[in-house]
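Coordinate inspection notes
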Amino acid sequence: MSNTTLTADVIAKIALPILDNELGFLKRMHRGHEAEWSSNVNGYKKGDTISIRRPADFTVRSGAAMSTQDVIEGKTALTIDQQKGVDFQFTSTDLTLNVEDMAERILKPAMINLANAIGEDVLAQMYQGTYNAVGTPGQTVNSFSDYILVPQRMAEMTVPMQDRTSVLSPTDYYGLVGSQTSLFSPGLVGSAYREGELGQLAGIETMMSQVTPTHTVGVATGTPLVNGASQTVTYDAAKNTWTQTLETDGWTNSTAGILKAGDVFTIADVCMVNAKTKATTGILQQFVVMSDADSGATTGPATLTISPPMITSGPHQTVNAAAADDAAITVLGTGGTAYRQNLAFHKGAMSMAFVPMEMPQAAYGGTRKSHKDISIRLIPTYDAANDISKWRMDVLYGRKLTDPRLSLRFYGVA
């Protein structure tokens with residue numbers, strides 16, 4: 001192809017499909033809210049935040065007697081507040097590059113880095129609010145028997161069978177790939193050998209990411225206990241935040257973070273219930289700490305903000321019973337240790353939205369392009385003293401773990 005003068009319009013058109021191709025697992029998340037930011041209400045834009053309703057739930061009666069129940073819908077907010085970009089510069093000579101040269105030498109590396117930065121941010125948001133987990137932190141997923149715990153637990157969580165995705169760290173992904181090469185399945189084995197790809201395993205699209213998050217557990221020492229019985233809430237009280245506070249004690253005194261946001265723990269005799277039947281599963285309910293907590297007094301008390309809330313009855317019941325006073329708390333993992341966080345999720349767990357950015361009136365020669373609901377804004381400036389054109393490329397998006405009941409952390413098994 002002959003050389004082309006590379007304007008902002010041309011560069012944006014080249015960059016957008018590359019970025020879309022590099023988004024990987026991000027395309028498996030819910031993107032249905034993007035159109036809401038392009039609509040107006042009475043001539044005004046909606047602003048940077050929309051409310052997403054949590055689905056109502058119901059109990060089923062037995063017999064002929066009517067038993068009405070309130071319809072209570074929670075809501076959560078999706079805010080467009082994340083701006084990321086890549087900035088670069090060209091000489092006037094560079095601006096007459098062959099289009100393919102531009103795509104391969106400059107824009108592809110830039111878009112890969114941008115996609116990875118977005119992916120890292122989104123996965124960090126997801127794992128910090130995800131409370132269900134299977135496996136043993138620190139163990140590599142290196143067998144199908146390790147991986148099968150993921151769909152098993154998702155079934156116990158009543159996660160819909162369709163639109164499931166898992167994202168593994170390189171260590172876990174290739175540990176799992178290696179385990180598949182011994183199977184008598186020519187298609188799967190051939191793909192694992194040649195491309196290092198697994199595709200769908202047990203109904204889950206299985207993907208690798210180089211930016212899977214790592215979580216370091218808080219100090220988590222002492223003999224932690226629940227401090228006070230009947231610490232439950234109603235769905236009406238927790239429907240928007242999907243959290244509650246929990247009073248605890250027995251921790252070793254620490255102001256360095258006895259627990260960190262993202263830590264997971266269980267409480268003795270508090271079990272997860274089947275989301276449809278409300279019957280106990282016999283599996284200890286796992287809770288995630290939503291903000292860092294310290295313990296600075298002699299008796300080691302700490303007030304935790306946790307998710308999910310402990311709801312013991314009704315259509316949104318989460319646990320079989322309230323935690324007893326002095327019930328033992330067990331933290332997942334070893335205090336002060338960092339663990340990779342592999343994640344599995346249903347499409348409805350995480351919402352993402354890319355939104356076109358406003359073009360400043362003073363931005364001469366800038367452009368804004370969209371491709372498959374992804375928008376890039378590109379603005380040039382010129383350094384006349386050095387005959388250099390400088391460019392800033394921006395994307396604007398929001399992300400929210402809207403339904404943590406549909407996401408799961410997982411690790412290998414010793």
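Below: a short report on this structure.

Reading guide: rules and limits
- Residues numbered from 1 in each chain as written.
- Predicted model: local features only at pLDDT ≥ 70, side-chain atom pairs only at ≥ 80, totals over all residues.
- Heavy atoms only, no water.
- Helix = DSSP H or I, 4+ residues; strand = E, 2+ residues; numbered from the N terminus.
- Contact = heavy atoms within 4.5 Å.
- Polar contact = N/O pair within 3.5 Å; in protein donor to acceptor, adjacent residues only side chain to side chain.
- Expected span 1.5 Å × (residues − 1).
- Buried < 20%, exposed > 50% of the residue type's maximum accessible area, 1.4 Å probe, protein only.
- Pairing = 2+ DSSP bridges.
- Axes fitted to C-alpha atoms, helices over the stretch in contact; angles between N-to-C directions.
- Phe/Tyr/Trp six-rings, centres within 6.5 Å; stacked < 30°, edge-to-face > 60°.

Tracing the backbone shows Gln244 in strand β12 (residues 244–251). Along the chain, Gln244 and Thr232 lie 12 residues apart, while their C-alpha atoms are 8.0 Å from each other. Those residues within four positions of Gln244 in sequence are excluded, and the remaining contacts are Gln231, Thr232, Val233, Leu304, Thr305, Ile306, Pro309 and Met310. At 2.6 Å, the side chain of Gln244 forms a polar contact with the backbone nitrogen of Met310.

Turning next to helix α1 (residues 8–22). With 15 residues, α1 should reach 21 Å at 1.5 Å per residue; the first-to-last C-alpha distance of 21 Å fits that figure. Residues of α1 that are buried include every one of Ala8, Ile11, Ala12, Ile14, Ala15, Leu16, Ile18, Leu19 and Asp20, and no others. The first or second residue beyond α1 is Gly24, which carries a positive phi of 55 degrees.

Before going further, it helps to examine the side chain of Asp172. With respect to the element layout, Asp172 can be found in helix α5 (residues 170–180). Take Asp172: its relative accessible area is 1%, and that puts it in the buried class. Polar contacts involving the side chain of Asp172 include one to the side chain of Ser169, which spans 2.6 Å. With sequence-adjacent residues up to four places away left out, Asp172 is seen in contact with Gln139, Thr140, Val141, Arg340 and Asn342.

Spatially, 6 strands are ordered β11-β12-β17-β15-β14-β18 in an open sheet, and the strand pairing comes out antiparallel. This sheet does not close on itself; its edge strands, each paired only once, are β11 (222–226) and β18 (329–331). Sheet twist, expressed as the average angle between the axes of neighbouring strands with direction ignored, equals 45 degrees. Pairing of strand β14 (residues 264–273) with β18, which is carried by 3 bridges, proceeds in the antiparallel orientation.

Quick look at the side chain of Asp403 now. As for its placement among the helices and strands, Asp403 is situated in the loop between β24 (388–401) and β25 (407–410). Apart from residues no more than four positions distant in its own chain, Asp403 is found in contact with Gly348 and Ala349.

Taken as a whole, this structure holds 5 aromatic pairs when the rule is applied. Summarising the aromatic geometry, the rings of Phe354 and Tyr397 are spaced 5.7 Å apart at their centres and angled 40 degrees between planes, so their arrangement reads as tilted. Taken together, the residues Phe354 in strand β21 (residues 350–354) and Tyr397 in strand β24 connect sequence positions 43 residues apart. Neither residue differs from the other here; Phe354 and Tyr397 are each classed as buried.

In this section: the sheet that holds strand β7 (residues 164–168). Strand order in this open sheet of 6 strands is β6-β25-β20-β7-β9-β8, and the pairing throughout is mixed. Looking along the sheet, the strands with just one partner apiece sit at the ends: β6 (133–134) and β8 (199–201). Bridging between β7 and strand β20 (residues 342–346) involves 4 bridges; their strand directions are antiparallel. Within the sheet, the bridge partner assigned to Val167 lies in β20 and is Leu343.

Once that is clear, we can look at the pairing of β14. Burial runs high along β14: 8 of the 10 residues are buried. Sheet analysis places β14 next to strand β15 (residues 280–289), joined by 5 bridges and oriented antiparallel. The residue bridging Thr266 from the neighbouring strand is Gln286, located in β15. Turn length for the β14-β15 hairpin, with the two strands adjacent in sequence and antiparallel, is 6 residues, and the turn residue Lys278 shows positive phi of about 70 degrees.

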